[in-house]
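Commentary on secondary and tertiary structure
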Amino acid sequence: MTKNKFQFRPYRRRFKPPLQTNHGIWDVREGIILRLSDEIGRVGYGEIAPISWFGSETIEQALDFCHQLADEITQETIFSISDRLPACQFGFESAWADLKALEARGENPQATRHSPLSYGGLLPAGEAALHAWQKLWDRGYRTFKWKIGVYPIAVELRIFDLLTQALPAAFLRLDANAGLSYDDANLWLYNCDRIWANAELPVQIEFIEQPLPVEQFDQMQELSSCYATAIALDESVATLAQLKACYQQGWRRIFVIKPSIAGSPKRLRQFFQANKIDAVFSSVFETAVGRQAALKLAAELSQNHRALGFGVNQFEEQDEQTWLEHLWKAH
Ligand code: MG
């Protein structure tokens, strides 16, 4: 069995500005860049970008896993990583795929890293959204995502009214990050249906993302059948195992897939080939390394034209290539 030389570098990168969600403030992304090389020096990169509060392993668990590996690893090791380490599965498989693509084509992987898909732009929570959408619109974004469940519902519904009146013919996604009560979820869906029924407003509410906590699957099923506005599961389907479980329990609306923490790309691909899944692909604020691998998978598996939830660079440093080179030299 061929062995590939294995190296890894942990990183910490600060978000600018910090991200505000129902889970709290998130200001530093911690992850690990993986590097696999072959006997003639070709190099493939992968990234482990966990979000433990979303259902993946912790950064410490991922680091422990990397530390216990030998300097050389086989394909067998890569494809037998435990399901308890989904972000590791993704990172190692994508590094391996990156290297294999180089070996197969003998060309620079940058050339194959363009996606024809459209992207959603992330609006800031609360009132700031009212002033932020125009800039994104001018830059070509036609799908916006707005975090809800951050401020009191009366405040957010008032902003929602203003926002939906102001927006042109765009898609608007609301993301509650599992933070609504059952009553508030009803109120939001009712208000979304109201916008949907109002033919004078050009904006379209595409869906509400994860209104209720993961344990309240049945309530989300019920809400989903009561309103015209679609519900997308996100936190509920963080990993492939969860995705399969929700599908088996009958969920046929939208699934948000975060490739970087979903687990093995190989098995995700198999699941998509066997079932018709209405999916929205999304980032976990990984660096360019993980993002490129996730985008590649998204381009391959997208069966619809839903915009991708991959924000533009959220980090302080602008040039990802320079950042990557520095990360490697600094150690
Ligand atoms: Mg979400």
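Residues numbered from 1 in each chain as written. Predicted model: local features only at pLDDT ≥ 70, side-chain atom pairs only at ≥ 80, totals over all residues. Heavy atoms only, no water.

1. Regarding the coordination of the magnesium ion
- On the protein side, the magnesium ion has Asp-175 (OD), Glu-209 (OE) and Asp-234 (OD) as donor atoms, found 2.1 to 2.3 Å from it.
- Mapped onto the sequence, the residues coordinating the magnesium ion show the spacing D-x33-E-x24-D. On the criterion of sequence distance, the pair formed by Glu-209 in strand S8 (residues 204-209) and Asp-234 in the loop between strand S9 (231-233) and helix H8 (240-248) is long-range, its members being 25 residues apart. Take Glu-209 and Asp-234: they sit in the same class, and that class is buried. (Donors = N, O, S within 2.8 Å, 3.2 Å for Na, K, Ca; no water. Helix = DSSP H or I, 4+ residues; strand = E, 2+ residues; numbered from the N terminus. Buried < 20%, exposed > 50% of the residue type's maximum accessible area, 1.4 Å probe, protein only.)

2. Examining the packing of helix H10 (residues 265-274) against helix H11 (residues 288-301)
- Closest axis-to-axis distance for the H10/H11 pair is 11 Å, and the angle between their directions is 15 degrees. As summarised for this structure, H10 and H11 are arranged roughly parallel, according to the angle between their axes. Crossing hand, H10 versus H11: right-handed. Packed against H10, whose contacting residues are Pro-265, Leu-268, Arg-269 and Phe-272, the element H11 presents Leu-297, Glu-300 and Leu-301 at the interface.
- Of the residues in the contact of H10 with H11, the class split is five nonpolar, no polar and two charged. (Axes fitted to C-alpha atoms, helices over the stretch in contact; angles between N-to-C directions. Parallel < 35°, antiparallel > 145°, perpendicular 65-115°, else oblique. Left-handed = near helix turned anticlockwise from the far one by under 90°. Contact = heavy atoms within 4.5 Å. Nonpolar A, V, L, I, M, F, W, Y, C, P; charged D, E, K, R; others polar.)

3. Notes on the sheet that holds S9
- The parallel open sheet is built from seven strands, whose spatial order is S5-S6-S7-S8-S9-S10-S11. Two strands in the sheet have a free side with no partner beyond their single neighbour: strand S5 (120-123) and strand S11 (278-281). Here the strands of the sheet are splayed against their neighbours by 30 degrees on average, with no regard to which way each runs.
- The pairing of S5 with strand S6 (residues 143-147) spans four bridges and is parallel. If you follow Gly-120 over to S6, its bridge partner there is Thr-143. (Pairing = 2+ DSSP bridges.)

4. Notes on the sheet that holds strand S4 (residues 72-74)
- Strand order across the open sheet formed by four strands is S3-S2-S1-S4, with antiparallel pairing between neighbours. The outermost strands of the open sheet, each flanked by one partner alone, are strand S3 (43-48) and S4. Each neighbouring strand pair of the sheet contributes to a mean axis angle of 45 degrees, computed without reference to strand direction.
- In this structure, strand S1 (residues 3-21) lies alongside strand S2 (residues 24-37), joined through 13 bridges in antiparallel fashion. Its bridge partner being in S2, Arg-14 is matched across the sheet by Val-28.
- Helix-sheet contacts for helix H1 (residues 59-67) involve S1, S2 and S3, and the interaxial angle to S2 is about 15 degrees.
- Contacting S1, S2 and S3, helix H12 (residues 320-329) crosses the sheet at an angle of about 125 degrees to S1.

5. Section: the confidence of the model for the protein chain
- Residues with a pLDDT of 70 or more make up 93% of the protein chain, whose mean pLDDT is 90.
- Per-residue pLDDT stays below 50 along residues 109-115; that stretch engages in ten contacts with residues further than four places along the chain or on separate chains. (pLDDT = per-residue confidence, 0-100.)

6. Focus on the side chain of Ser-236
- With respect to the element layout, Ser-236 can be found in the loop between S9 and H8.
- By relative accessible area, Ser-236 is classed as buried at 4%.
- Here the side chain of Ser-236 touches Gln-210 through a polar contact of 2.9 Å, side chain to side chain.
- Leaving out residues up to four positions away in the same chain, Ser-236 has contacts with Gln-210, Val-214, Met-220, Gln-242 and Cys-246. (Polar contact = N/O pair within 3.5 Å; in protein donor to acceptor, adjacent residues only side chain to side chain.)

7. Regarding the nonpolar core
- The biggest cluster of nonpolar side chains holds 61 residues, and the ones touching the most others in it are Leu-123, Trp-146, Phe-160, Leu-172, Trp-188 and Phe-272.
- Counting residues per element, this core draws most heavily on H11, which supplies six residues.
- Of all hydrophobic cores here, the second largest spans 38 residues; its members include Ile-33, Ile-59, Ile-78 and Ala-95. (Core = buried A, V, L, I, M, F, W, Y, C linked by side-chain atoms within 4.5 Å.)

8. Comments concerning the side chain of Asn-177
- With respect to the helices, strands and loops of the structure, Asn-177 is situated in the loop between strand S7 (171-175) and helix H6 (182-197).
- On the basis of relative accessible area, Asn-177 is assigned to the buried category, the value being 3%.
- Reaching out from Asn-177, the side chain makes a polar contact with the side chain of Glu-235 at a distance of 2.7 Å.

9. Description of the pattern of salt bridges
- Overall, the coordinates contain 14 salt bridges when judged by the stated rule.
- Between Asp-38 and Arg-42 there is a salt bridge, with the nearest N and O atoms lying 2.8 Å from each other.
- Across the salt bridge formed by Arg-194 and Asp-161, the nearest N and O atoms sit 3.2 Å from each other. Of this pair, Arg-194 sits in helix H6 while Asp-161 sits in helix H5 (residues 153-166), and the two are 33 residues apart along the sequence.
- Arg-194 gets classed as partly exposed once you look at its relative accessible area, which sits at 36%. (Salt bridge = Lys/Arg side-chain N within 4 Å of Asp/Glu carboxyl O.)

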